[in-house]
Structures are given as structure tokens and as C-alpha cells.
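Descriptive structure summary
Listed below, chain by chain, are the residues.
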Amino acid sequence: MNTSRNTAPNTRSGPTRLHSFFNQRFLGRTLLTALLLLIGSQAFAEHNDWRLGERNRIYQRIDGDWRRVPGSAIDVGDGWVIGTDSRSGGYGIYRWNGYRFDRAPGGAVEIGGTYEHPWVINNRGERFEWNGRDWYEVQSAGSHRGERHNDHDDSYRRRPGW
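As the structure is a prediction and not an experimental result, all values here were calculated from the model. (Residues numbered from 1 in each chain as written. Predicted model: local features only at pLDDT ≥ 70, side-chain atom pairs only at ≥ 80, totals over all residues. Heavy atoms only, no water.)

**Details of the overall build of the protein chain**
This is how it is decided: Secondary structure is summarised from DSSP: a helix means a run of H or I of at least four residues, a strand means a run of E of at least two, and numbering begins at the N terminus for each. When a residue's accessible area, from a 1.4 Å probe over protein chains only, is under 20% of the maximum for its type it is buried; when over 50% it is exposed; and in between it is partly exposed. The criterion used for residue contact is that any of the two residues' heavy atoms lie within 4.5 Å. In short, Shrake-Rupley with a 1.4 Å probe defines the accessible areas, and a residue's cover is counted only from the protein chains shown.
Each helix and strand in the protein chain was counted, giving one helix and eleven strands. When the elements of the protein chain are put in sequence order from the N terminus, they spell out α-β-β-β-β-β-β-β-β-β-β-β. Per-residue burial over the protein chain gives 29% buried out of 162 residues. In the protein chain, 28% of the contacts between residues at least 6 apart in sequence involve partners at least 24 apart. Accessible surface computed for the protein chain: about 11400 Å², of which carbon and sulfur atoms make up 52%.

**Regarding the nonpolar core**
Test applied: The definition of a nonpolar core used throughout is a set of buried Ala, Val, Leu, Ile, Met, Phe, Trp, Tyr and Cys residues joined through side-chain atoms within 4.5 Å.
Counting residues in each nonpolar core, the largest one holds ten residues, listed as W80, I82, I93, A104, A108, I111, V120, F128, W130 and W135. Looking at this core, the elements that each hand over two or more residues are strand 4 (80–87), strand 6 (101–108) and strand 9 (127–130). W50, I58, V69 and V81 belong to the second largest nonpolar core, which has nine residues in total.

**Quick look at the environment of G71**
One can find G71 in strand 3 (residues 65–76). Residue classification places G71 among the partly exposed positions, given a relative accessible area of 40%. The spacing of G71 and R100 is 29 residues in sequence and 8.1 Å in space, taken between C-alpha atoms. Beyond its immediate sequence surroundings of up to four residues, G71 is in contact with N56, R57 and I58.

**Some details on the packing of aromatic side chains**
Geometry of an aromatic ring pair is reported as the spacing of the ring centres plus the angle between the planes. Rules: When two rings of Phe, Tyr or Trp (its six-membered ring) have centres within 6.5 Å they constitute a pair, described as stacked for plane angles under 30 degrees, edge-to-face for angles over 60, and tilted for the intermediate range. Geometrically, a lysine NZ or arginine CZ counts as sitting over a ring once it is within 6 Å of the ring centre and also within 35 degrees of the ring normal.
Summed over all chains, the structure comprises six aromatic pairs. Between W80 and W135 the ring centres are 5.5 Å apart and the planes differ by 65°, which places this aromatic pair in the edge-to-face class. In this pair, W80 is assigned in strand 4 and W135 in strand 10 (residues 135–139), connecting sequence segments 55 residues apart. Just as W80 is buried, W135 falls in that class too. Site record: aromatic cluster; members linked through ring pairs are W50, W96 and F101. Directly above the ring of W66 sits R51, whose terminal nitrogen or CZ lies 4.6 Å from the centroid. Positioned over the ring face of Y115 is R95, at 4.2 Å from the centre of the ring.

**What about the sheet that holds strand 6?**
Under the convention used in this document: Any two strands with at least two DSSP bridges between them are considered paired. For helices, the fitted axis covers only the stretch in contact; all axes are lines through C-alpha atoms, and the angles between them, taken along N-to-C directions, range from 0 to 180 degrees.
The six strands are arranged 1-2-3-4-5-6 in an open sheet whose pairing can be described as antiparallel. Sheet topology places strand 1 (50–52) and strand 6 at the edges, where each strand pairs with a single neighbour. On average, each strand axis in the sheet is inclined to that of its neighbour by 35°, with strand direction left out of account. The pairing of strand 5 (residues 90–96) with strand 6 spans six bridges and is classified as antiparallel. Across the sheet, the residue bridging to Y91 is A108, located in strand 6.

Take a look at the structure:
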């Protein structure tokens, strides 16, 4: 029996080879995109894995599961919370140490930013940023409170203990 088909291995006709090339390229890009999204979402999740639940309970996402951690809060940031204890400026500010929340100086009603560089706003609407040891007030350039100005034309005033 004589057939005219080419039975040699690894040979393809033009359109099939082109189709295979595009499928491999599309699949490769799709997998690369999915991998980058996964890595990006994991990196984001490690730094933004806190939320508030019922009755001001605090939850942290650990290994994909939400787990309750000690304490209660009115606002939650990236490893920082505004507690429920009344303080001058609002409520107590606390920072997660890996096992529990440690008290930080000051009082506030809102928190945001990152674990390394959080900011808070107190009940007078004043915004403060953390420098690693204490909070510094950040004001617009138009403020006339007598604070010193830096090169960026922002005003910073240290508020130890508030």
C-alpha cells in the first residue's frame, strides 16, 4: 500500500506550524501574566492584610485565612489600628508586633499608609506621619502656625505625646 502522506516525525505544514507558534506564544504570555498577578497580589496581601469585623474585632489574613487577633479598633491600617480607648486627639494608636498590638504615642480617629510609613488624622483634622519613633504633624504650605518649613515647602511640627 502506497500512501502519499508524510509520516516523518516533527514535520508540520505551514498553517499548523503558525497556529502552534501563536498558541504557544499566547499561552506563554497568559501564564506569565497570571504569575505576575499572583506575585503582585501576594506582595500586596502581605502588606494589606487587615480588616475590621463585627463589634470592632480585628482580623489578619494569614495563609489565605482570616484570623482574629487580640484587641478591638475603630479603624485599621497596615499593621496599625486606632483602638477603642479614648485618648487626647481621638482614640489610642497601636502597632502590631507579630503577637499583639503595642501602644504608640498620640490619639487619632483615622489611620492609613503603610506599616513602615503610616499616617493618622486626629479629631481636630490634623494629619501626622510616623518617623519610626514619634508622630510629626504635616501641614500645607499655606499654614501660618509658626512652624519651620523644609525644602519641599511643607511644614512639620513634632508633637511628642500630644
